[in-house]
Amino acid sequence: MTEPAAAASTVYVLNGPNLNLLGLREPEIYGSQTLDDIAGMLEDRGRELGLEIDMRQSNHEGHLIDWLHEAQAEGVKAVLLNAGAFTHTSVALHDAIKSIKVPVIEVHLSNPHKRDDFRHKSFVGMAALGTVCGFGANSYIVALDAVSRL
């Protein structure tokens, strides 16, 4: 179990379906950096901010929900959530975010509002504290910087 002081400086970074394919999947949209590259960037920036990064990825909606519940139970500082396509379909993720007190920041590499119409609606964004999108891998860094000020 995480110590309370350590948990208070921990940020969960949860990544949804197909994000394990970053660097390979549609680099013209998502960039050439891999999820491991982004994890490294976040860990470096986290050290500068005094934050510990706990980076996870799953292609399964239930795992993301379980991790949101775990974030609450562990008392982490915040969650950065890139739910991938679940962003636009998952009422269950919306409800999980609403059911916890931990601040959740929605993150996207691309700008969903400049893409397909079905990507314009975000169930995650409706429940999240805020959204950072459109800056590629730097979206995660911008979100982490925001979390450091909470």
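Residues numbered from 1 in each chain as written. Predicted model: local features only at pLDDT ≥ 70, side-chain atom pairs only at ≥ 80, totals over all residues. Heavy atoms only, no water.

A. Inspection of the side chain of Glu106 at higher detail. Mapped onto the elements, Glu106 comes out in strand S4 (residues 104-108). Here His108 takes part through its side chain, which lies 3.0 Å from a polar atom of the side chain of Glu106. Reaching out from Glu106, the side chain makes a polar contact with the side chain of Ser122 at a distance of 2.5 Å. Look past the residues within four positions of Glu106 in its chain and what remains in contact with it is Leu81, Thr87, Ser122, Val124, Gly125, Ala128, Gly130, Thr131 and Val132. (Helix = DSSP H or I, 4+ residues; strand = E, 2+ residues; numbered from the N terminus. Polar contact = N/O pair within 3.5 Å; in protein donor to acceptor, adjacent residues only side chain to side chain. Contact = heavy atoms within 4.5 Å.)

B. Representation of the pattern of salt bridges in the model. Using the criterion set out here, one finds five salt bridges in the structure. Put simply, Arg45 and Glu48 hold a salt bridge, and the shortest N to O gap is 2.6 Å. Linking Arg45 with Glu48, this pair stays in helix H3 (residues 35-49), spanning three residues, or about one helical turn. (Salt bridge = Lys/Arg side-chain N within 4 Å of Asp/Glu carboxyl O.)

C. Quick look at the environment of Arg56. Tracing the backbone shows Arg56 in strand S2 (residues 52-57). Relative accessible area serves as the criterion here: at 16%, Arg56 is assigned to the buried category. Expressed as a C-alpha distance, the spacing of Arg56 and Leu35, which sit 21 residues apart in the sequence, is 9.6 Å. Among all residues touching Arg56, those that are not within four sequence positions of it are Tyr12, Val13, Leu14, Asn15, Trp67 and Glu70. At a separation of 3.0 Å, a polar atom in the side chain of Arg56 contacts the side chain of Asp54. (Buried < 20%, exposed > 50% of the residue type's maximum accessible area, 1.4 Å probe, protein only.)

D. Region of interest: the pairing of S4. Within S4, five of the five residues are buried, leaving the element largely enclosed by the surrounding structure. Burial along S4 is two-sided: Val104, Glu106 and His108 facing one way and Ile105 and Val107 facing the other are all buried. In this sheet, S4 lies alongside strand S3 (residues 78-82) in parallel orientation, the contact comprising three bridges. Each residue of the ladder has a partner; that of Leu80, found in S4, is Ile105. In this fold, the crossover linking S3 to S4 by way of helix H5 (residues 91-98) has right-handed handedness. Relative to strand S5 (residues 130-133), S4 runs parallel, the two sharing four bridges. (Pairing = 2+ DSSP bridges. Right-handed = clockwise from strand over helix to strand, strands pointing away.)

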